[in-house]
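# Residue-level structure breakdown
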Amino acid sequence: MDDCRAAFLFCFFFFSFAIFVSGHITTQSPFLEECVHGKYPPTGRPKISSFVINLDLPPDQRWTEVGKAKATEIKHLFTVFKGLLLSISNYSQFVIDLVDSDFGYFVDTLPNPFADELRGISKASGLPLGETILYNIFYEIFTFCTSLIAQDPTGKLYHARNLDFGLFMGWSAKNHTWEVTEALRPGVINLDWQSKGKTVFRSVNFAGYIGILTAIKKGMFTLTMNERFNINGGYIGIIKWILGDRTGSWMSFLTRRTMEKAVSYKQAKAWLSDTKMLAPAYFILGGNQTGEACVITRARENAVDVWDLGTRNSTWYLVETNYDHWQKPFFLDDRRTPAHRCMDEMTQQKVGFPKIFDVLSSRPVLNKLTTYTALMQVTTGEIETYLQYCPDPCAPW
């Protein structure tokens, strides 16, 4: 398959989802803005599976256990993808067949160990290689989130996030849910990345995704990634990669490298700020010393802004959603203002997992796209993950 055909396939998938949502979203109103209390720890939630990723194994064997254990969830998610595409156009089946038969070649353009890891996941799960690759690409451009870092009165740092995913992907007017979001939750897993029998770092992943969106390296730093919307967006970088320009790094590979190889907050901050990327992003990074926290606003080429804790109207916490912090958020998607309101109501004296979980469980910070909440504390290395659900009335995003 030539590069132009690959670019066409990617564009078809990207724009088809955007078209599908038009005219399909009807929700209950009014949407609540609230600051809830006493939600931690949540009860009655499904248990999240945990796995070890052994970095000493050959790359094509690292994901065998995950691929086999979560094959049903991975395949179901892509079945939902396909169903949405088929509801858009009669030509979608042709494109799906093309992905299954031809898009697998794309793995040869990716650097190792990531190419072989994708081959291993495909083999273990039974998902066609082309679909496995496309599944991973979607996380580069469709991740809505709220991330925050808070410092308690003793200087201890807490890092937390809501992972929102599935916008434009199958709104059910009957159930007031996103089909892809609902399909994603059963695939949320906790990973312990090990080398020589010792933990290198820990992360929260969707089964089948080899990159890093949420992770902690005990005693060193914590990291979350939020999508950044920009006219010079990720789809441009991905198409350029397909057409042969491979000078930038995939976001997922950069965050993996950072978690595996960086040995300090300072080094992680430099890599995340300066490495050329395919897609713009926000990196929310926390260190292990008082005041070590920042939001790195990335263009594809480099950082356009680094917002450090304690500067520019931040005192003891930082909040980042999916909009540049120096600009007002889109009026239909303002999670930032309610998050600030709840953080201010919480006060610094109450910083800790229970109260931060309450903030992230407050609508509209919690919304119909929210799949999970993760809570991290770098000094102890603690990371807790909880599946999240937003009862009506609840904003679709």
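In the block above lies the structure referred to throughout.
### A short note on the sheet that holds strand β1 (residues 49–54)
Here we have eight strands laid out as an open sheet, ordered β1-β6-β7-β8-β9-β10-β11-β12, and mixed in their pairing. Each edge of the sheet is formed by a strand with only one pairing partner; in this case those strands are β1 and β12 (303–308). Each strand axis lies, on average, 20° off the axis of its neighbour in the sheet, ignoring direction. Relative to strand β9 (residues 221–227), strand β8 (residues 214–217) runs antiparallel, the two sharing four bridges. From the neighbouring strand, Lys217 faces β9, where its bridge partner is Phe221.

### Quick notes on unusual backbone geometry
Geometrically, the link from Tyr40 to Pro41 is a cis peptide bond, its omega value of -10° lying close to zero. Its place among the elements puts Pro41 in the loop between α1 (3–21) and β1. The omega torsion across Arg363 and Pro364 is 5°, close enough to zero to call that bond cis. Within the element layout of this structure, Pro364 appears in the loop between α12 (353–360) and β14 (370–377). With phi around 55°, Lys196 is a residue other than glycine that occupies positive phi space. Its location among the elements puts Lys196 in the loop between β6 (188–195) and β7 (198–206). The exposure class assigned to Lys196 is exposed, which follows from its relative accessible area of 72%.

### Here we look at helix α6 (residues 129–138)
Three or four residues apart is the spacing at which side chains of an α-helix point the same way, because the helix has 3.6 residues per turn. Counting buried residues in α6 gives nine out of ten residues, a clear majority hidden from the surface. Those residues of α6 that sit buried are Gly130, Glu131, Thr132, Ile133, Leu134, Tyr135, Asn136, Ile137 and Phe138.

### A look at the sheet that holds strand β15 (residues 382–387)
Read across the open sheet, the five strands follow the order β13-β2-β3-β14-β15; overall the sheet is antiparallel. For this open sheet the edge positions go to β13 (317–320) and β15, each flanked by a neighbour on one side alone. Averaged over neighbouring strand pairs, the angle between their axes works out to 10° when direction is ignored. Relative to the sheet, helix α11 (residues 336–346) contacts β2 (143–151) and β13, its axis offset from that of β13 by approximately 160°.

What counts and how
- Residues numbered from 1 in each chain as written.
- Predicted model: local features only at pLDDT ≥ 70, side-chain atom pairs only at ≥ 80, totals over all residues.
- Heavy atoms only, no water.
- Pairing = 2+ DSSP bridges.
- Helix = DSSP H or I, 4+ residues; strand = E, 2+ residues; numbered from the N terminus.
- Axes fitted to C-alpha atoms, helices over the stretch in contact; angles between N-to-C directions.
- Buried < 20%, exposed > 50% of the residue type's maximum accessible area, 1.4 Å probe, protein only.
- Contact = heavy atoms within 4.5 Å.

Honestly, that's just the spatial picture; any functional story needs more than this.
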